[in-house]
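Listed below are the residues making up each chain.
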Amino acid sequence: MLSEEERKEIEAEAGQYDRKEAGSVEALKVVQRHRGWVSDEAIRDISAALDMTPDELDAVATFYSFIFRREVGRNLILVCDSVACYVMGYQGVLDSIKEKLGIDLGGTTEDRRFTLLPISCLGQCDKAPAIMINEDIYGNLGPEMLDSILSRYK
Amino acid sequence: MADVKVTIDGREIEAPEGTNLIDAAQMGGIHIPNLCYLKGMKGIGACRLCLVDVEGMKAPMIACNTKVKEGMKVNTKTPAILETRKFIIDLVLSMHPLDCMTCTKAGVCNLQEYAYEFEIKESNFTRKKFGHPVDAGNPFIKRDPDYCVLCGRCVRVCKEQGTNVLDFMGRGVGAKVTTAIDKPLQESGCTFCGSCLDACPVNSIIEADRWRKGREWDYQSTNSACLLCGNGCDVTVSTRDGRVAKVNAGGKEGSVADYICAYGRFGFDCIESDSRLTVPMKRVEGGLKETTWEDAVGIAADVLGRAGKDAGFLSTASITNEEAIVLKNFATKVVKSNNLDTTLSLYSDEDSMRLSGTGDLDAADVIILAGLNPSQRKRVLPALDAALRRRVQRGGKLVVINSGDARIAEAATVSIRADEVSSIKSLIKALVDKGLKADKGITEAVSGAEAASAEIAKAAELIAAAKEVLVLSSPALFNAANNLALMKGKAIAVPLESNARGVAFAGFENGGLGYADMASNAATKALFVMGEVPVKARPKTDFLIVASSHLSGLAKEADLVLPSATFFETTGTILDYLGRMKSLPRIVEPQGEAKDNVQILMAVASEMGQKMKRPTESEIKKAMKPGRPSARPFDRKSYSVNEQDLVESINAAVINGSRLLWLKETEKGVSA
């Protein structure tokens, strides 16, 4: 079931277009903002609210890497693996995060504190290697800097 | 539409304006390779295989989505184009299993054909294998995404016909065609019509039981029609060693009506089901015992001869014209009884059937649907439901007039949710006001009609602007629908059984006892029942004869059971709901000693000393000329039949004797 708040926000988004389904990406983002991810049940509920069939909405949801169809942790670490970061020490940073959190790419820590995902480019090539946690960017990284960075996220 | 002249590979071709290059080339006998194009549907350019060179264009164009233009010069086989095509096939093959030697689709696989043409034995790219799980959780359709070439044909047919359960999930090469939340088909709202497997160019979506049941070249294919409901769809039946192996939709390629439902596609199992009757049986000491045809025909002749005018005859309207005419003549001329009727009278009068016109769903640009509630999900006129939705997708306009909840209204251009007769009156009045001519009687009859609502006004505009109008109505509303069509278009009353129109022409209304009387309390001295007539308890009769292909509930109560041929075992013709005469050849021999109904009736007649002849096709055509409709009263006939129940009960033997039983049980489970 969509919450009252989610429903209102979705209707506001969908109301901007001639066809409700044009608001599908925004509607998915609304639910993800509230719950952190988009469950199967949410796909059914949102599609009903937008007069779409569930398969059409799921096709949209699965098309975008940052609409999460599986539960993710409270904080999201995105590690850039594009060329600039790759040559500037991406592997060391990644290995260090993996070791500290005990998870692989795509994994979530048991306490649901972190989810670790790759990203193609953060646009921070001049500060490579870079990562992004939630909305915060960190560049010119070395493995030794990670402890203090990670400790900021609970 | 005006013809446009184009030159393709040096050949001058004339094609109607708006034709795409693939279709235009085909008219000149040139095949442009493609994996994703489907005739009749808008090209989406997913496979990029149909790239062609158009003179004056910098880059190659996709032929499926490029329309012909006067003077256009197209080359489909330049070295650059051929190289590109080869590259694409090479890429597709890098993710496709190379097991053509055991693949069911070998011989009819488009990918195999193009790989052969371009001499690609093995892809030049690294082999990718996704290892997607196979969906084999139902007895109808198997989905194996590892064979999928992501052409999207299945996604598009499913969407266009309004079923809409398949879509692309994910992105890029990792994309996969599946249902919402990646559920098995039976949990996705799928109706198992199988349109997707007809559309699949490879081995990704295929009949679940096809493995080692033969490949296309092992089959003999015959065109026929399905007898299981009022749509009477075209089918293509493939047989191997005298047995039916599969049934496919057999409509004209690219037509909106090229669809069959799960009944038509998978119901054929019932031909060999356990409940199939293969020898005559008679009641001996309370039980049914096998007997010979000679004995059975003798008993039937004796009983019916003695009953004479007190005999009764009941049949379904899913019989061929030949069976209908022979049954009528047998009853009225041989036995000399006027007590005969069919299931047609449960939902229509004969006049509405006889006065209905002929129609073409592809040609009509405005279709009015009055009082009809077609449904793929309930399998009540499912092909009509699919065809109407397709027609709307391809630019047709649909006006739904229904006082109740009709799901098809969701696809309508205009939906008028009000009393059908008064809505039609208002609509006619609005058309008269627009200057369309109407019969004087009709103009008078609608003079007092309510002023047009916004919807009715919109519908009137559509009709006034239309080139070809088709008014499809329930038989109960035919008279009003007919009056509307007299102004513009044609009116057709859509029945629930495949040959209702043919049966109406044979003429079963003879002033004797009707269906309801014979099926329950009116005593007959002998009652002859043909087919799966939906009568639950044994009717009041001294002697019950049932001619049926399966041991139906009524057959179990009979005193004499005559095993008859089922569909695909009978030869004959039907007049479908759109007024088209369709031929049904005998595709397989009847099981055991079963005979077709015409043979049975002729044998009994001969035993009674009368010769009967099988009507010829020209006799049938002469007998079945649609009448010239004139103005009719604005009335509404009343029938109490539940459409879904009727379709399910006349097909009880098909459903219970095939894998459709699984579907019924599953659907019951889902709705519970």
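Residues numbered from 1 in each chain as written. Chains lettered and ligands numbered in written order. Predicted model: local features only at pLDDT ≥ 70, side-chain atom pairs only at ≥ 80, totals over all residues. Heavy atoms only, no water.

**Q** Even after reading the chapter, I still don't get the overall build of chain A, so can you show me in this structure?
**A** Assigned secondary structure in chain A consists of seven helices and four strands. Taking all 154 residues of chain A together, the buried fraction comes to 44%. For chain A, contacts bridging at least 24 residues in sequence account for 60% of all contacts bridging at least 6. Charge separation in chain A, taken as the distance between the mean sites of 18 positive and 28 negative side-chain charges, equals 3 Å. (Helix = DSSP H or I, 4+ residues; strand = E, 2+ residues; numbered from the N terminus. Buried < 20%, exposed > 50% of the residue type's maximum accessible area, 1.4 Å probe, protein only. Contact = heavy atoms within 4.5 Å. Lys, Arg positive; Asp, Glu negative; His and termini not counted. Charge placed at Lys NZ, Arg CZ, Asp CG, Glu CD.)

**Q** Explanation requested: the overall build of chain B in the structure shown.
**A** In terms of helices and strands, chain B carries 22 helices and 26 strands. Its C-alpha radius of gyration of 27 Å places chain B within 12% of the 26 Å reference for a compact globule of 672 residues. With the C-alpha coordinates aligned to their principal axes, the bounding extent of chain B is approximately 85 × 65 × 50 Å. Split into buried and exposed, the 672 residues of chain B put 57% on the buried side. Nonlocal contacts in chain B, meaning residues at least 24 apart in sequence, comprise 67% of its contacts between residues at least 6 apart. Put simply, chain B shows about 27,500 Å² of open surface, and 50% of that area lies on carbon and sulfur atoms. Computed over 86 positive and 83 negative side-chain charges, the inter-centroid distance for chain B is 2 Å. (Rg over C-alpha atoms; globule rule 2.2 N^0.38 Å. Areas by Shrake-Rupley, 256 points an atom, 1.4 Å probe, with all protein chains shown as cover.)

**Q** For this particular structure, what's the right way to read the interface of chain B and chain A?
**A** By a widespread convention, an interface's size corresponds to the accessible area lost as its parts come together. In this complex, chain B contributes 14 residues to the contact, which on the side of chain A involves 14 residues. Together chain B and chain A conceal approximately 1,000 Å² of surface at their shared face, both sides included; 52% is due to carbon and sulfur atoms. Summed over the three residues of chain B that lose the most area to chain A, namely B:N164, B:R171 and B:I181, the buried surface amounts to 52% of that side. Joining chain B to chain A, the criterion identifies two salt bridges. Put simply, A:E56 and B:K159 hold a salt bridge, and the shortest N to O gap is 3.4 Å. Linking chain B with chain A are eight residue pairs in polar contact (both at pLDDT 80 or more), by the criterion used here. Among the elements that take part in the side of chain B that touches chain A, strand β7 (residues 167–169) of chain B stands out by supplying three residues, more than any other. Looking at the side of chain B that touches chain A residue by residue, the class counts come to six nonpolar, three polar and five charged. (Buried area = accessible area lost by both parts, 1.4 Å probe. Salt bridge = Lys/Arg side-chain N within 4 Å of Asp/Glu carboxyl O. Polar contact = N/O pair within 3.5 Å; in protein donor to acceptor, adjacent residues only side chain to side chain. Nonpolar A, V, L, I, M, F, W, Y, C, P; charged D, E, K, R; others polar.)

**Q** Before we go on, may I ask you to explain helix α6 (residues 90–101) of chain A in this structure?
**A** Spacing of three or four residues puts side chains on the same side of an α-helix, whose turn is 3.6 residues. Residue and element names in this part refer to chain A. Between its first and last C-alpha, α6 extends 17 Å over twelve residues, near the 16 Å set by a 1.5 Å rise per residue. Listing the buried residues of α6 in full gives Y90, V93, L94, S96, I97 and L101. Relative to the axis of α6, the buried residues are bounded by an arc of 160° and lie together on one face. A positive backbone phi angle near 70° is found at G102, which sits one or two residues after α6. (Expected span 1.5 Å × (residues − 1). Arc of directions from axis to C-beta.)

**Q** Looking at this structure, how should I read the environment of B:A225?
**A** All names here are of chain B. Note that A225 resides in strand β10 (residues 220–225). Between the C-alpha atom of A225 and that of G579, which follows or precedes it by 354 residues, the distance is 14 Å. Sequence-distant contacts of A225, defined by excluding residues within four places in its chain, comprise G232, C233, D234, V235, F568, I574, K582, S583 and L584.

**Q** Is there a simple way to think about the pattern of salt bridges in this case?
**A** Pairing between side chains of opposite charge can happen when their charged atoms approach one another. Residues and elements named next belong to chain B. According to the stated counting rule, one finds 55 salt bridges over all chains in the structure shown. The partner of R354 in a salt bridge is E350, and the shortest N-O contact between them spans 3.3 Å. Here E350 and R354 lie together in helix α9 (residues 350–355), a separation of four residues that amounts to about one turn.

**Q** What should I look at first to understand the nonpolar core in this one?
**A** Soluble, globular proteins show a tendency: their nonpolar side chains are buried together. In this structure, B:L304, B:F313, B:F330, B:L361, B:L384, B:L472 and B:F528 are the most contacted members of the largest nonpolar core, which totals 108 residues. Aside from chain neighbours lying at most four places away, what touches B:F313 is B:L304, B:L327, B:F330, B:A331, B:V335, B:S337, B:N339, B:L340, B:D341, B:M518, B:L527 and B:F528. (Core = buried A, V, L, I, M, F, W, Y, C linked by side-chain atoms within 4.5 Å.)

**Q** What's the story with the environment of A:R7 in this structure? I'm lost.
**A** Mapping A:R7 onto the fold places it in helix α1 (residues 4–14). When the C-alpha positions of A:R7 and A:I119 are compared, they lie 31 Å apart, and in sequence the two are 112 residues distant.

**Q** What's the story with the packing of aromatic side chains in this structure? I'm lost.
**A** The way to describe two aromatic rings as a pair is by their centre distance and the angle between their planes. In total, this model carries twelve aromatic pairs over all chains according to the counting rule given. Relative to A:F68, the ring of A:F66 lies with its centre 6.1 Å away and its plane at 80°, an arrangement referred to as edge-to-face. Overall, the relative accessible area of 37% leaves A:F66 in the partly exposed class. The exposure class assigned to A:F68 is buried, which follows from its relative accessible area of 10%. Against the face of A:F63 rests B:R171, its NZ or CZ located 5.6 Å from the ring centre. Stacked on the ring of B:W293, the Lys or Arg B:K595 has its end atom at 5.2 Å from the ring centre. (Phe/Tyr/Trp six-rings, centres within 6.5 Å; stacked < 30°, edge-to-face > 60°. Lys NZ or Arg CZ within 6 Å of the ring centre and 35° of its normal.)

**Q** What is the right way to read the sheet that holds strand β22 (residues 526–530) of chain B from this model?
**A** Remark on secondary structure: sheet strands pair via backbone hydrogen bonds, oriented parallel or antiparallel. All names here are of chain B. Pairing is mixed across the open sheet formed by seven strands, whose spatial order is β14-β13-β24-β23-β22-β15-β16. Among the strands making up the open sheet, the edge pair consists of β14 (287–290) and β16 (340–342). Across the sheet, the mean angle from the axis of one strand to that of its neighbour is 20°, orientation sign disregarded. Here strand β15 (residues 311–315) runs beside β16; their pairing, made up of three bridges, is parallel. Each residue of the ladder has a partner; that of S315, found in β16, is T342. Contacts between helix α8 (residues 321–335) and the sheet are confined to β15, β16 and β22, with β15 contributing the most and set at about 175° to the helix. (Pairing = 2+ DSSP bridges. Axes fitted to C-alpha atoms, helices over the stretch in contact; angles between N-to-C directions.)

**Q** Which parts of the structure should I look at to understand a nonpolar patch on the surface?
**A** Residues and elements named next belong to chain A. Among the surface-exposed residues, V83, Y86, V87 and M88 lie close enough to one another that they form a single nonpolar patch of about 470 Å² accessible area. On the secondary structure map, V87 appears in helix α5 (residues 83–87). Its relative accessible area of 61% is what places V87 among the exposed residues. (Patch = residues over 30% accessible without salt bridge, like charges linked within 9 Å, V, L, I, M, F, W, Y side chains within 5 Å.)

**Q** Explain the pairing of β14(B) to me, please; I cannot follow it from the model alone.
**A** A regular strand places its side chains on the two faces of the sheet in alternate fashion. All names here are of chain B. Direction of pairing for strand β13 (residues 281–284) relative to β14: antiparallel, over a ladder of four bridges. Bridged to V284 within β14 is G287. Hairpin connection from β13 to β14: two residues lie between these consecutive antiparallel strands, with E285 at a positive phi of about 45°.

**Q** What's the story with the sheet that holds strand β3 (residues 51–54) of chain B in this structure? I'm lost.
**A** All names here are of chain B. Spatially, five strands are ordered β2-β1-β5-β3-β4 in an open sheet, and the strand pairing comes out mixed. With partners counted over all chains shown, the strands left at the sheet margins are β2 (11–16) and β4 (61–62), one partner each. Inspection of the sheet shows β3 paired to β4 by two bridges, in the antiparallel sense. Bridge pairing in β4 links V52 to M61.

**Q** What am I meant to see in the packing of helix α2 (residues 24–35) of chain A against helix α4 (residues 54–63) of chain A here?
**A** Helix packing geometry: the angle between the two helix axes and the distance between the axes. All names here are of chain A. With their axes 10 Å apart at the nearest point, α2 and α4 run at an angle of 70° to one another. Between α2 and α4, the crossing angle belongs to the class labelled roughly perpendicular. Side by side, α2 and α4 meet where S24, V25 and L28 of the first sit next to L57, V60 and A61 of the second. A per-class count over the contact of α2 with α4 returns five nonpolar, one polar and no charged. (Parallel < 35°, antiparallel > 145°, perpendicular 65-115°, else oblique.)

**Q** How should I be thinking about the pairing of strand β23 (residues 544–548) of chain B in this particular structure?
**A** Residues and elements named next belong to chain B. Most of β23 is tucked away, with five of its five residues classed as buried. Residues of β23 alternate between two faces, with L544, V546 and S548 on one and I545 and A547 on the opposite face, all of them buried. One ladder, built from four bridges, connects β22 with β23; its direction is parallel. Residue pairing for β23: L527 is matched across the bridge by L544. In this structure, β23 lies alongside strand β24 (residues 560–563), joined through four bridges in parallel fashion. Paired with V546 across the two strands is V561, which belongs to β24.

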